[in-house]
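Letter by letter, the chains look like this.
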Amino acid sequence: MKISRVVALFLSFALLACAVFVSVSRKPAGTHRAVFYFPSMDTDKLCTEVRYLPDNPIQGELSFYVDELLLGPMTNRYKFLFSLGTKADFCTLEDDVLYLGLSKDALFTTKDSVDIRTGIKLLKVNLVKQFTEIKTVLVYIDGKSVFEES
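The sections below set out a description of the structure shown in this document. Every value quoted in this text rests on a predicted model; they were computed, and no experiment measured them.

### Thoughts on the packing of aromatic side chains
Part 1: By the definition in use, this model includes four aromatic pairs.
Part 2: Taking 4.5 Å as the distance between ring centres and 10° as the angle between the ring planes, the aromatic pair formed by Phe36 and Tyr65 counts as stacked. Here the residue Phe36 occupies a position in strand E1 (residues 31–39), and Tyr65 occupies one in helix H2 (residues 61–71), the gap between them amounting to 29 residues. Neither Phe36 nor Tyr65 differs from the other in exposure class; each is buried.
Part 3: Both rings, one in Phe90 and one in Tyr140, keep their centres 5.8 Å apart while their planes meet at 45°; by these two values the pair is tilted. With Phe90 in strand E3 (residues 88–94) and Tyr140 in strand E5 (residues 136–141), this pair connects stretches of sequence that are 50 residues apart.
Part 4: We note Arg51 situated over the ring of Phe36; from NZ or CZ to the ring centre the distance is 4.4 Å.

### Section: the pairing of strand E4 (residues 97–102)
Part 1: Along E4, five of the six residues are buried, which leaves the element largely enclosed by surrounding structure.
Part 2: For E3 and E4, the ladder comprises six bridges, and the chain directions are antiparallel. Bridge pairing links Glu94 to Val97 in E4.
Part 3: Here E3 folds back onto E4 in antiparallel fashion, the turn holding two residues, of which Asp95 has a positive phi close to 55°.
Part 4: Where E4 lies against E5, six bridges are found, and the strand directions are parallel. Residue pairing in the sheet places Gly101 in a bridge with Tyr140 of E5.

### A word on the packing of H2 against helix H3 (residues 116–130)
Part 1: Running from amino to carboxyl end, H2 crosses H3 at an angle of 145°, the nearest separation of the two axes being 11 Å. In this structure, the crossing between H2 and H3 has a hand that is right-handed. Here Leu62, Tyr65, Val66 and Leu69 of H2 lie close against H3, whose contacting residues are Leu123, Asn126, Leu127 and Gln130.
Part 2: Residue classes in the contact of H2 with H3 are distributed as six nonpolar, two polar and no charged.

### Thoughts on H3
Part 1: Taking 1.5 Å per residue, 15 residues should reach 21 Å; H3 reaches 21 Å between its end C-alpha atoms and fits that length.
Part 2: Looking at H3, one finds that the buried residues are Gly119, Ile120, Leu122, Leu123, Lys124, Asn126 and Leu127.
Part 3: Tucked into the core, H3 has its buried residues touching E1, strand E2 (46–54), H2, E4 and E5.
Part 4: The N-capping residue of H3, defined by a side-chain oxygen 3.3 Å from the backbone nitrogen of Arg117, is Asp115.

### Digging into the sheet that holds E5
Part 1: Judged by pairing direction, the sheet is mixed, and its four strands sit side by side in the order E3-E4-E5-E6 without closing on themselves. The sheet is open, and its two borders are formed by E3 and strand E6 (144–145), each paired with just one other strand.
Part 2: Against the sheet, H2 makes contact with E3 and E4, and its axis sits at roughly 140° relative to E3, the strand it touches most.
Part 3: Relative to the sheet, H3 contacts E4 and E5, its axis offset from that of E5 by approximately 140°.

Procedures and definitions
- Residues numbered from 1 in each chain as written.
- Predicted model: local features only at pLDDT ≥ 70, side-chain atom pairs only at ≥ 80, totals over all residues.
- Heavy atoms only, no water.
- Phe/Tyr/Trp six-rings, centres within 6.5 Å; stacked < 30°, edge-to-face > 60°.
- Helix = DSSP H or I, 4+ residues; strand = E, 2+ residues; numbered from the N terminus.
- Buried < 20%, exposed > 50% of the residue type's maximum accessible area, 1.4 Å probe, protein only.
- Lys NZ or Arg CZ within 6 Å of the ring centre and 35° of its normal.
- Pairing = 2+ DSSP bridges.
- Axes fitted to C-alpha atoms, helices over the stretch in contact; angles between N-to-C directions.
- Left-handed = near helix turned anticlockwise from the far one by under 90°.
- Contact = heavy atoms within 4.5 Å.
- Nonpolar A, V, L, I, M, F, W, Y, C, P; charged D, E, K, R; others polar.
- Expected span 1.5 Å × (residues − 1).
- Polar contact = N/O pair within 3.5 Å; in protein donor to acceptor, adjacent residues only side chain to side chain.

Laid out in structure tokens, this is it:
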């Protein structure tokens, strides 16, 4: 009799644990999984951060992703790609080319951000990995083209 109670208690806890795991691991309704890449403050490694973004944002998925990327990491000890305050002035996709204009704030480097060249390189990595239809990213800062390499 005592063993059957232990088994029943164990099965109850196992069932409860499964229910909690399923409810926690399920993505929120009306969202999709997006991956962001940020450099670590502690190592030379590139780290990933997963966020669930809304399916149909008003400004479009691409512009919303860029805005989220420019806001920086949510994870402690990851570096920003650009200084705080950097915004997207324009974000236009034509065929497989993305034209992306950043505000003047992108010119400044802080202890919490990477240098401009690295920030642009990682910006391109993020965009091309998340949006496979993009083949080329042309970046402009304060209206001027930067780093013509792809």
